[in-house]
Amino acid sequence: MQLQQYIINDIKPLCITDKISDLQLLFNNLTYSHVPIHKDGIYMGCISETDAHCFDGASSISDCNYAVEGFYVRDTTNWLDVLEAFAQNDSNIMPVLRMDNTYIGYYELNDIIHLFNETPFFSEPGGIIIVEKGINDYSFSEISQIVESNDAKLLGAFISKMDGDLVKVTLKITNASLNEVIQTFRRYSYNIVSGHEDDTYLNSLKERSQYLDKYLNM
């Protein structure tokens, strides 16, 4: 997936010799969490809006050089790594540099999320299943085999949580044979943390539980 077309350069980085008041004014007119800073045309990093409003407006940005955060991505960085960089730096703007460290522009978080939403994991119809198993016992090859052995297709899978010795994997699969997929996961000793509402095994347990409650309350 090519991201270069989403590079924006309508906001030029401020120079490190500019005043903090210039930075504060820029933030007042923007919705960005950070603004890029350069020194003699070389990208130095970003300053956050939170930090900018804590400093004396009469000071120079260079006086607050310690607050500059040096995060960026390359113009060749794939979109998943770009998304990860956004998350790690709690930013909605991501500076983009060429391999020679030349500043090109920046990505906006909403554009990258929009690309994520267009992937088959989100755009294609299907069911979500969250399975859980020992961290040393699961494998993606086994998960794929379970799904495909039931004539379903795996639209996407990722590790959504690791808790001690257990790992949770979120899957999106085509709706065909969804209940059979769930039952097969159980036969392979996977715990179904969250499954499709058409899980007949759970429905059967619920019905039996309701019947037992009525029997005991007679």
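For the structure itself, look to the data block above.
*Asks:* Just checking my understanding: could you explain the overall build of the protein chain for this structure?
*Replies:* A count of helical and extended segments in the protein chain gives eight helices and 10 strands. Burial statistics for the protein chain: of 218 residues in total, 40% are counted as buried. At a minimum sequence separation of 6, the contacts of the protein chain that also span at least 24 residues come to 59%. As displayed, the protein chain has an accessible area near 12600 Å², and 49% of this comes from carbon and sulfur atoms.

*Asks:* Looking at this model, I keep getting lost on the pattern of salt bridges. Mind explaining?
*Replies:* Two side chains with opposite charge may pair up if their charged atoms get near one another. In total, this model carries one salt bridge according to the counting rule given. A salt bridge links Glu 142 to Lys 133, with the nearest nitrogen and oxygen atoms 3.4 Å apart.

*Asks:* How should the packing of helix H3 (residues 79-89) against helix H4 (residues 109-117) be read in this particular structure?
*Replies:* Two numbers describe a pair of packed helices, the interaxial angle and the distance between the axes. The geometry of H3 relative to H4 is characterised by a closest axis approach of 10 Å and an angle of 135° between their N-to-C directions. The orientation of H3 with respect to H4, classified from their angle, is oblique. Relative to H4, H3 is oriented so that their crossing is left-handed. Counting all contacts with H3, which are made through Trp 79, Leu 80, Val 82, Leu 83 and Phe 86, the residues of H4 involved are Leu 109, Ile 112, Ile 113 and Phe 116. Looking at the contact of H3 with H4 residue by residue, the class counts come to nine nonpolar, no polar and no charged.

*Asks:* Honestly, the packing of aromatic side chains in this entry has me stumped. Any pointers?
*Replies:* The description of an aromatic ring pair uses the distance of the two centres, along with the angle that the planes make with each other. For the coordinates displayed, the defined rule picks out six aromatic pairs. Judged by centre distance (6.4 Å) and plane angle (80°), the rings of Tyr 43 and Tyr 72 are edge-to-face. Of this pair, Tyr 43 sits in strand S3 (residues 42-48) while Tyr 72 sits in the loop between helix H2 (49-52) and strand S4 (73-74), placing them 29 residues apart in sequence. Classification of Tyr 43 by relative accessible area gives buried; the value is 10%. The exposure class of Tyr 72 is partly exposed, given its relative accessible area of 35%. Among the aromatic residues, ring-to-ring pairing joins Tyr 43, Tyr 72 and Tyr 103 into one connected group.

*Asks:* What am I meant to see in the pairing of strand S8 (residues 154-163) here?
*Replies:* Across a regular strand the side chains alternate sides, sitting on one face of the sheet and then on the other. In the sheet, S8 pairs with strand S9 (residues 166-173) via eight bridges, with the strands oriented antiparallel. Pairing of Ala 157 across the sheet is with Leu 171, part of S9. Hairpin connection between S8 and S9: a loop of two residues separates the two successive antiparallel strands, and Gly 164 in this loop has a positive phi of roughly 65°.

*Asks:* Would you mind going over the nonpolar core with me for this structure?
*Replies:* It is characteristic of soluble globular proteins that their nonpolar side chains tend to be buried jointly. Formed by 24 residues in total, the largest nonpolar core has its most connected members in Leu 3, Val 73, Val 82, Met 94, Tyr 106, Tyr 107 and Ile 112. The set of elements that each furnish at least two residues to this core consists of S3, H3, strand S5 (93-97), strand S6 (103-108) and H4. The element that contributes the greatest number of residues to this core is H3, accounting for five residues. Residues in contact with Leu 3, not counting those within four places in the same chain, are Thr 77, Asn 78, Trp 79, Val 82, Tyr 107, Ile 112 and Leu 115. Of all hydrophobic cores here, the second largest spans 17 residues; its members include Ile 143, Val 169, Ile 173 and Ile 182.

*Asks:* I would appreciate a short explanation of the sheet that holds strand S7 (residues 127-134) in the present structure.
*Replies:* Across a sheet, paired strands are connected by hydrogen bonds in the backbone, their directions being either parallel or antiparallel. If you trace the four strands from one edge of the open sheet to the other, you get S8-S9-S7-S10, paired in antiparallel fashion. Sheet topology places S8 and strand S10 (191-194) at the edges, where each strand pairs with a single neighbour. If you compare each strand with its neighbour and ignore which way they point, the axes differ by 30° on average. Sitting on the sheet, helix H7 (residues 178-187) touches S7, S9 and S10, and the angle it makes with S7 is about 5°.

Conventions adopted
- Residues numbered from 1 in each chain as written.
- Predicted model: local features only at pLDDT ≥ 70, side-chain atom pairs only at ≥ 80, totals over all residues.
- Heavy atoms only, no water.
- Helix = DSSP H or I, 4+ residues; strand = E, 2+ residues; numbered from the N terminus.
- Buried < 20%, exposed > 50% of the residue type's maximum accessible area, 1.4 Å probe, protein only.
- Contact = heavy atoms within 4.5 Å.
- Areas by Shrake-Rupley, 256 points an atom, 1.4 Å probe, with all protein chains shown as cover.
- Salt bridge = Lys/Arg side-chain N within 4 Å of Asp/Glu carboxyl O.
- Axes fitted to C-alpha atoms, helices over the stretch in contact; angles between N-to-C directions.
- Parallel < 35°, antiparallel > 145°, perpendicular 65-115°, else oblique.
- Left-handed = near helix turned anticlockwise from the far one by under 90°.
- Nonpolar A, V, L, I, M, F, W, Y, C, P; charged D, E, K, R; others polar.
- Phe/Tyr/Trp six-rings, centres within 6.5 Å; stacked < 30°, edge-to-face > 60°.
- Pairing = 2+ DSSP bridges.
- Core = buried A, V, L, I, M, F, W, Y, C linked by side-chain atoms within 4.5 Å.

Don't take any of this as a statement about function, it's just geometry.
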